Structure formats: C-alpha cells, structure tokens
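Analysis of the macromolecular model
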Amino acid sequence: MVLRILLLLSGLFRATELAPRCEPGQETLAKCVDISLSSCTDVAYTQTMYPNLLDQKSRQVIEYSSEYILISVLHNLLQGECNPDLRLLGCSVLAPQCEKDKVIKPCRHICEHLKKNCLPAFDAIDMAWPYFLDCDRFFAGEEEGCFDPLAKLRGEPEVEEDLPSDLPATFIQFKHHSYSQMVSILKKTASRCSHIATTYSIGRSFEGKDLFVIEFSTKPGRHELLKPEFKYIGNMHGNEVVGKELLIYLAQYLCSEYLLGNPRVQSLINNTRIHLLPSLNPDGYELAAEEGAGYNGWVIGRQTAQNLDLNRNFPDLTSEVYRRAGIRGARLDHIPIPQSYWWGKVAPETKAVMKWLRSIPFVLSASLHGGELVVTYPYDYSKHPLEEKMFSPTPDEKMFKILAKAYADAHPVISDRSEIRCGGSFVRRGGIINGAEWYSFTGGMADFNYLHTNCFEITVEVGCEKFPLEEELFTIWHENRDSLLNYMEMVHRGIKGIVSDKFGNPIKNARISVRGIQHDVTTAADGDYWRLLPPGTYIISAQAVGYSRVMKRVILPAKMKRAGRVDFVLRPVEVWPNKLLRRPMEDAYDPYDPLELFDPHAQHAQPESQGGSAQVREKPWWWSYFSSLDLHKPLWLLKKH
C-alpha cells in the first residue's frame with residue numbers, strides 16, 4: 001500500500017503538464033463524463049463533470065492532488081474509523097454527481113453530521129478538518145437540490161411484506177432478516193417503546209455498516225446510579241445467525257410485554273439497563289446469507305470482510321495472567337492491553353467493542369454463537385499452552401458455573417439429560433463446560449471482558465445448525481426465550497453499592513476486593529459498583545489511592561435474588577501505602593494507549609520516540625504520507641497550535 005502511494009506521489013510534479021489546456025479564446029462546454037477515479041468507483045452514481053467543485057479541470061489533475069491522495073489514505077490514517085463515509089464524502093466534492101450536464105452538490109446536513117462524529121478522529125491524530133469538506137462552502141441545502149453521498153451505505157430499500165393490519169401488538173415475524181431489515185425493526189421497536197428504548201451505533205464494520213444496538217431502560221441513553229448494565233452480543237461469526245435473530249425477537253418481545261404489563265419484563269427493564277447488539281459481523285453475515293438458510297458450512301461468512309475471526313482478535317490477556325500467577329502481589333484483573341497487540345491487524349469491529357466496554361460499566365454479558373448446544377465460561381485459553389483441552393478456571397469459577405447454569409437449566413433441550421446433541425454430549429456436565437476444557441484458543445472476547453473490565457461474559461452455543469431454515473426459528477425462539485430472560489436477571493446477584501468520601505463525594509476507580517478471590521472490580525464514574533458473587537460469607541474491602549482501606553463482613557443467603565447493598569465511606573490518608581494495592585505489573589507496559597484515541601473505534605497512532613512529544617515536533621507522524629508533494633504539500637491539514 002505504502003509503495004503504491006509513493007509511486008503515485010512521485011508523479012505529482014507532472015500534474016500541470018498532464019492537465020488539458022485551452023488556447024486563448026477557445027471555450028469548451030462541460031459535459032457529464034464517466035467516473036474513472038480509482039478511489040471513487042463505488043459511489044452511488046456513474047457520472048461526474050470537470051472542472052469539479054475545487055475547479056480541478058481534469059481527472060489527471062485530481063489524481064495528483066493532495067486532496068485526492070488524502071481520501072485515498074484516510075482509511076489507513078484513521079485505522080478504518082469513519083470510512084468509507086469520509087472517502088465517499090470527499091469523492092462527492094472531487095467527483096460530484098452529474099446529471100443532464102449539470103453538477104449536483106452533496107447535501108450539507110450529511111457533511112455536518114459526519115463532521116460532528118468524525119472530527120474527534122482527526123483531533124486524535126492532530127490533523128485539521130480538510131478544507132474541501134467545508135460544509136458551508138462546497139455543500140448545498142436540500143431546498144437547493146442536493147444528493148446524499150452516503151446513500152449507498154444504507155443499502156437498497158427493501159420492499160417489506162404486506163402484513164395484515166389486524167395483527168396483535170405482540171406479533172413477531174419469525175424469519176431471517178437482512179441487515180437493512182434488522183435496522184428497520186430495531187428502529188421501529190425503539191420508536192414504539194420510545195419511553196424505555198433507544199438505538200445507537202457503537203461503530204462501523206470494515207465495509208461501513210453500523211453496529212446497531214437497541215437499549216432498554218427507564219432512562220434510555222444514560223447510566224443510572226446503582227442500575228447494572230447488561231449486554232447480549234450476537235452474530236460474532238457471520239455464519240452463526242441464530243443469535244442475531246434471537247436478539248431481534250427479544251427486542252420486540254421486551255417492548256411488547258412491557259407495554260402489556262408483564263411483571264417479569266417490567267421489573268427487568270425498570271431495574272436494569274439492557275443493551276442488545278444483534279450483529280457484530282454484518283459483513284460476514286452477507287456472505288453467509290448468499291449461501292442461504294440450510295447451508296451449514298463452517299467457513300463461508302464466519303470471518304469479517306478483512307478475513308479476521310473476531311473471537312480470536314481480542315488481546316490475549318489470559319497468557320499474561322498465567323505469567324503473573326506466580327508473582328506475589330501481581331494483579332490478575334484490569335490488565336492493560338500490551339503494546340505488541342497493536343502491531344497486528346485489529347478489526348474495526350473489535351475496536352468498537354473494546355471502546356464500548358470502556359464507555360459503559362457493564363456487569364454481565366453473553367455472546368450467542370451456533371453449531372452446538374452448550375454454555376461455556378472462561379477461561380477459554382488453556383493454562384498450559386500445549387494442552388488443547390484442559391480445565392482452566394478463573395478465580396470466579398463458582399460464580400461462572402452458576403451463571404452458565406442459569407442459562408442452561410432454563411433451556412429445555414440443553415437441560416434434557418436424555419438427549420445426545422450435535423457433535424458432542426455435555427449431558428453429564430449439565431450442559432455447561434469450562435471453555436478451555438472444551439477446546440483452547442487465544443484472543444477470545446469472553447476472557448478479554450473478564451480480564452480488562454468488570455464484566456463477566458459467557459458464551460452460549462444456541463443450536464446445532466449455524467444457519468437453520470426459517471421454519472425452525474419459531475421453535476428455537478421458544479427454547480431460548482426463558483433462558484435469555486433468566487440470564488439477564490442474574491445481573492442482580494451478589495452485592496452493589498457506592499464508594500464515597502466522608503463528604504459524600506463519589507470515588508471513581510476505587511477497588512472492591514473479596515478475600516479469597518483474586519479478582520477485583522472497580523467503581524464507575526459515580527462511585528457505584530457491582531460485584532457478582534454466589535451465596536456465602538465474605539470479607540469485602542474497598543480501597544482507593546489516597547484513602548484508607550475499609551473492610552466489611554457480608555453474608556449472602558442462598559435464596560437471595562437481589563444484590564445486597566454494601567456502601568463504603570473512605571477516609572483520606574496523608575501517605576498512601578503502596579503495598580495495599582497490587583500494582584507492581586503496571587509499569588510493564590507503555591502508558592500510551594491507542595484505544596483512547598478512537599471515537600468510536602480505537603486509534604493506534606505511532607508511539608512517540610523517547611524524549612520527544614507532540615508539542616515539540618515540527619510535523620505530525622502522518623506528514624510522511626505527503627513527503628513527495630514539494631510545493632503542493634497540504635499545509636491546510638496542519639493544526640495551528
């Protein structure tokens with residue numbers, strides 16, 4: 001890629017020679033011509049006109065311009081964030097739509113919306129917003145007649161089936177949904193239950209599809225004090241589609257049943273903030289859908305458009321835990337992402353999830369897969385790397401088994417001890433198994449949730465077939481419905497509370513420790529925390545930098561169905577004893593964190609050389625992309641500090 005770009009840049013000085021020239025007094029009438037710019041061949045229209053909106057008079061002049069080179073390399077500079085949106089927006093200016101020998105400007109509101117969402121990504125790499133994407137200068141209002149340059153990303157509108165008008169409010173259509181159908185249903189459901197639901201996107205897939213989430217809560221769109229956060233993720237592997245459909249059905253069910261006054265659903269939504277992400281891999285799903293329902297292949301569509309397996313693409317923190325296990329005082333939770341991870345290929349879908357995990361204090365989660373009927377729990381990577389099937393428990397083994405059984409026991413087929421199902425039998429184990437004992441792999445999402453955040457995540461294999469026929473979906477929904485509800489209710493087990501100082505001010509990032517369980521959780525921005533625990537008697541302590549430790553004895557009865565309230569008030573100390581916090585491993589990693597630079601995806605800029613900083617460098621790291629432009633270098637991309 002870099003070589004191709006340098007070859008392209010090397011010919012820039014000839015741009016003026018390549019441009020067609022008119023003799024004095026000679027005029028030509030501009031006409032629509034076919035688009036032949038290689039970076040703009042996938043726009044939603046076929047013809048443009050020269051000169052363009054920047055008064056660039058030919059294809060050759062455009063191709064050797066800094067503006068065109070920028071849109072060609074933006075995907076690399078921003079690590080996939082806001083692309084292909086930004087590239088298509090740039091193409092709408094460099095190669096605007098032409099109809100009947102007349103140029104049509106792109107719509108201003110599209111530019112403004114994209115700038116609002118993507119400006120943080122430019123800020124993260126110290127780059128100014130490109131002048132040619134000035135929304136007032138080069139774009140038009142809808143009343144002037146404009147076109148939407150991003151229309152193609154939304155897909156072709158699909159004709160929905162005409163359904164009878166007298167259908168009950170609880171009606172769910174049990175069918176496979178395309179990406180656009182899925183988005184439409186989620187938005188309609190959120191609109192129907194607007195007082196308890198909303199939709200949002202955590203980022204984009206590699207091919208530019210929004211990773212849509214529907215949220216249910218009494219105050220959708222915001223975290224509420226002491227209300228736990230729960231998430232379901234489906235379709236991580238594009239060809240495993242049952243989880244996607246189950247979450248689409250679940251969204252409709254929660255909305256309908258809440259409106260009908262179902263006490264179980266109302267209690268769940270009134271006391272929990274629920275996030276449903278039906279499809280984490282919409283690009284892979286499209287490939288699988290081309291094969292059609294009933295095709296049960298194990299390869300086509302499993303991976304992303306970048307040919308990455310998302311459940312092998314997360315940082316391998318489990319190996320780091322095993323390395324630290326023999327070190328006295330080493331922390332085995334909230335492990336930072338090693339810098340070496342960013343040297344590999346990281347999918348935008350993976351970055352979106354990691355950023356999502358940091359933005360919301362999730363407590364409990366499940367990822368829905370297909371191809372088996374079993375519930376697995378961490379660790380997924382064997383504590384002995386040469387052992388492919390080795391029991392490898394976390395410090396929270398007892399709690400994870402309870403969580404896994406909460407789903408399995410409510411599932412009539414998984415819990416049926418008389419059946420041998422799919423490729424393996426888990427009857428003797430009660431339908432659950434430690435992930436590494438089933439088969440070991442690194443880079444899994446469940447291990448990352450547990451080791452990098454407060455969130456406990458299990459993996460549910462919801463069916464023998466990865467892409468079943470539509471007539472099977474109704475039965476599959478009814479087999480899983482109670483399990484889905486039962487598991488969500490488990491987020492209320494254990495203890496919860498607020499950590500504050502003596503004046504009542506919340507303390508963020510205080511550590512909640514349980515004696516005998518070497519895995520701490522931390523408080524959220526408002527000082528609230530949740531600690532999943534099985535019934536029993538515990539010594540719980542809270543500690544934070546600059547404050548003394550406070551300990552309490554807590555008893556959780558076996559029949560307790562709600563989290564017990566345990567608050568802590570910490571008093572400041574003049575000298576903080578470092579021995580109280582297990583932190584000796586923190587300095588093993590560069591404090592530079594690429595994930596913090598992405599919004600909504602992580603941005604991996606180049607690390608600063610020792611002794612240098614962004615403030616003293618003459619040019620940012622990305623300036624080398626334009627090093628061959630001589631007098632035509634894009635100075636307009638440099639920020640004025």
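Note that the coordinates shown come from a computational prediction; the quantities given were computed from them, not determined experimentally.

**Quick word on the nonpolar core**
Within the largest apolar cluster, 95 residues are counted, with the highest numbers of intra-cluster contacts made by Phe-216, Tyr-232, Leu-250, Leu-276 and Leu-403. Dropping the residues within four chain positions of it, Phe-216 is found in contact with Thr-189, Ile-196, Ala-197, Ala-251, Leu-254, Cys-255, Ile-269, Thr-272, Arg-273, Ile-274 and Leu-276. Ile-71, Leu-86, Leu-89 and Trp-129 belong to the second-largest nonpolar core, a separate cluster that totals 48 residues.

**Examining the sheet that holds strand E14 (residues 511-514)**
Pairing is antiparallel across the open sheet formed by four strands, whose spatial order is E15-E14-E17-E18. Pairing within the sheet leaves two strands with one partner each, and these edge strands are strand E15 (517-522) and strand E18 (550-556). Taking each pair of neighbouring strands and ignoring which way they run, the sheet shows an average axis angle of 25°. Sheet topology note: the E14/E15 ladder contains three bridges and is antiparallel. If you follow Arg-511 over to E15, its bridge partner there is Thr-522.

**A closer look at helix H4 (residues 66-77)**
End to end, H4 covers just 14 Å across 12 residues, shorter than the expected 16 Å (1.5 Å per residue, more than 12% under). With 10 of 12 residues buried, H4 is to be regarded as a mostly interior element. Taken as a whole, H4 has its buried residues at Ser-66, Glu-67, Tyr-68, Ile-69, Leu-70, Ile-71, Ser-72, Val-73, Leu-74 and Leu-77. At the C-terminal side of H4, Gln-79 shows a positive phi close to 55°.

**Things to note about the state of the cysteines**
Counted according to the given criterion, the structure contains six disulfides. Covalently, Cys-32 is tied to Cys-98 through a disulfide, its sulfur atoms 1.9 Å apart. Because the sign of the S-S torsion sets the handedness, a value of about -75° for the bond joining Cys-32 and Cys-98 places this disulfide among the left-handed ones. Of this pair, Cys-32 sits in the loop between helix H2 (15-18) and strand E1 (33-34) while Cys-98 is found in strand E3 (residues 97-99), placing the two residues 66 residues apart along the sequence.

**Looking at the packing of helix H8 (residues 242-260) against helix H9 (residues 263-271)**
In contact at an axis separation of 8 Å, H8 and H9 are set at 110° when each is read in the N-to-C sense. Accordingly, the angle class assigned to the pair H8 and H9 is roughly perpendicular. Between H8, through Tyr-253, Leu-254, Glu-257 and Tyr-258, and H9, the contact on the second element is made entirely by Val-265, Gln-266, Ile-269 and Asn-270. Across the contact of H8 with H9, the residue classes break down as five nonpolar, two polar and one charged.

**Some points on the side chain of Ser-65**
Residue position: Ser-65 is located in the loop between helix H3 (59-63) and H4. In this structure Ser-65 comes out as buried when scored by relative accessible area, which is 8%. Engagement of the side chain of Ser-65 in a polar contact is seen with the backbone nitrogen of Tyr-68, the distance being 3.2 Å.

**Some thoughts on unusual backbone geometry**
Here the amide bond leading from Tyr-50 into Pro-51 is cis, since omega sits at 0°, within 30 degrees of zero. If you trace the backbone, Pro-51 turns up in the loop between strand E2 (47-48) and H3. In the segment running from Pro-378 into Tyr-379, the intervening peptide bond is cis, with an omega of 0°. Mapped onto the secondary structure, Tyr-379 falls in the loop between strand E10 (372-377) and helix H13 (397-408). Positive phi, close to 55°, is recorded for Lys-100, a residue that is not glycine. For Lys-100, the position within the fold is in the loop between E3 and strand E4 (102-104). Of note, Asn-307 is a non-glycine position whose phi angle comes to about 65°, a positive value. Here Asn-307 lies in the loop between helix H10 (282-291) and helix H11 (318-324).

**Some details on the pattern of salt bridges**
Tallied over the full model, the rule gives 29 salt bridges. A salt bridge links Lys-227 to Glu-224; the nearest nitrogen and oxygen atoms lie 3.0 Å apart. Judged by relative accessible area, Glu-224 falls into the buried class, the value being 15%. Through salt bridges with shared partners, a single ionic network connects Glu-207, Lys-209, Asp-283 and Glu-286.

**Comments concerning the pairing of strand E6 (residues 210-216)**
For a regular strand, side chains alternate in direction, first toward one face of the sheet and then toward the other. The buried count for E6 comes to six of seven residues, which makes it a mostly enclosed element. The pairing of strand E5 (residues 197-204) with E6 spans six bridges and is classified as antiparallel. Following the sheet pairing, Ser-201 is matched in E6 by Phe-212. As consecutive antiparallel partners, E5 and E6 are separated by five residues, and within that stretch Gly-208 has a phi angle of approximately 95°, a positive value.

**A closer look at the confidence of the model for the protein**
Model confidence for the protein is summarised by a mean pLDDT of 85, while 84% of its residues fall at 70 or above. Across residues 1-27, where pLDDT falls below 50, the model places 25 contacts with residues more than four positions away in sequence or in other chains. Note that pLDDT drops below 50 for residues 579-590; the model gives that stretch 31 contacts with residues more than four away or on any other chain.

**Side note on the packing of helix H7 (residues 179-192) against H8**
At a minimum axis separation of 10 Å, H7 and H8 run at an interaxial angle of 15°. In this view, H7 runs roughly parallel relative to H8, as classed from their interaxial angle. Relative to H8, H7 is oriented so that their crossing is left-handed. Across the interface between the two elements, Tyr-179, Met-182, Ile-185, Leu-186, Thr-189 and Arg-192 from H7 touch Lys-244, Ile-248, Ala-251, Gln-252, Cys-255, Ser-256 and Leu-259 from H8.

**Some details on the sheet that holds E6**
One key point about sheets: their strands pair by backbone hydrogen bonds, in either a parallel or an antiparallel sense. Across the sheet, which stays open at both edges, the eight strands sit in the order E5-E6-E8-E7-E9-E12-E10-E11 with mixed pairing between neighbours. Across the chains shown, the open sheet's two edge strands, defined by having one partner strand only, are E5 and strand E11 (432-434). Taking the axes of each pair of neighbouring strands and ignoring which way they run, one obtains an average angle of 25° across the sheet. Of the strands in this sheet, strand E7 (229-234), strand E9 (362-369) and strand E12 (456-463) touch helix H15 (residues 445-452), which is tilted by about 160° from E12.

Criteria and thresholds
- Going along each chain's sequence as written, the residues are numbered from 1 onward.
- In keeping with the model being predicted, local features are shown solely for residues with a pLDDT of at least 70 and side-chain atom pairs are shown and tallied solely at 80 or more, while totals for entire chains, interfaces and linings include all residues.
- Water and hydrogen atoms were dropped before computing side-chain values, which therefore reflect all heavy atoms in the structure.
- Residues grouped as a nonpolar core are buried Ala, Val, Leu, Ile, Met, Phe, Trp, Tyr and Cys residues, joined through side-chain atoms within 4.5 Å.
- Only protein chains enter the accessibility calculation, which uses a 1.4 Å probe; a residue whose area is less than 20% of its type maximum is buried, one above 50% is exposed, and one in between is partly exposed.
- Whether two residues are in contact is decided by their heavy atoms, any of which lying within 4.5 Å being enough.
- Strand pairing is assigned whenever DSSP identifies at least 2 bridges connecting the two strands.
- We count a stretch as a helix when DSSP gives it H or I for four or more residues in a row; a strand needs E for two or more, and each element gets its number in order from the N terminus.
- To obtain each axis, a line is fitted to C-alpha atoms, and for helices this fit is confined to the stretch in contact; angles are then taken between N-to-C directions over 0 to 180 degrees.
- Every helix has an expected span of 1.5 Å times one less than the residues it contains.
- Only a pair of cysteine sulfur atoms within 2.5 Å counts as a disulfide in this structure description.
- Small angles under 35 degrees read as roughly parallel and large ones over 145 as roughly antiparallel, with 65 to 115 read as roughly perpendicular and the rest as oblique.
- Residue classes follow a fixed rule: Ala, Val, Leu, Ile, Met, Phe, Trp, Tyr, Cys and Pro count as nonpolar, while Asp, Glu, Lys and Arg count as charged, and any other residue, Gly among them, counts as polar.
- Two N or O atoms count as a polar contact when they lie within 3.5 Å, although within protein this holds only if one can serve as hydrogen donor and the other as acceptor, and sequence-adjacent residues are included solely when both atoms are side-chain atoms.
- In what follows, salt bridge is the name for a side-chain nitrogen of Lys or Arg lying within 4 Å of a carboxyl oxygen of Asp or Glu.
- Scored from 0 to 100, pLDDT records how confident the predictor is in each individual residue.
- By the definition used in this description, the sense in which the near helix is turned from the far one sets the handedness, with an anticlockwise turn below a right angle giving left-handed and a clockwise turn giving right-handed.

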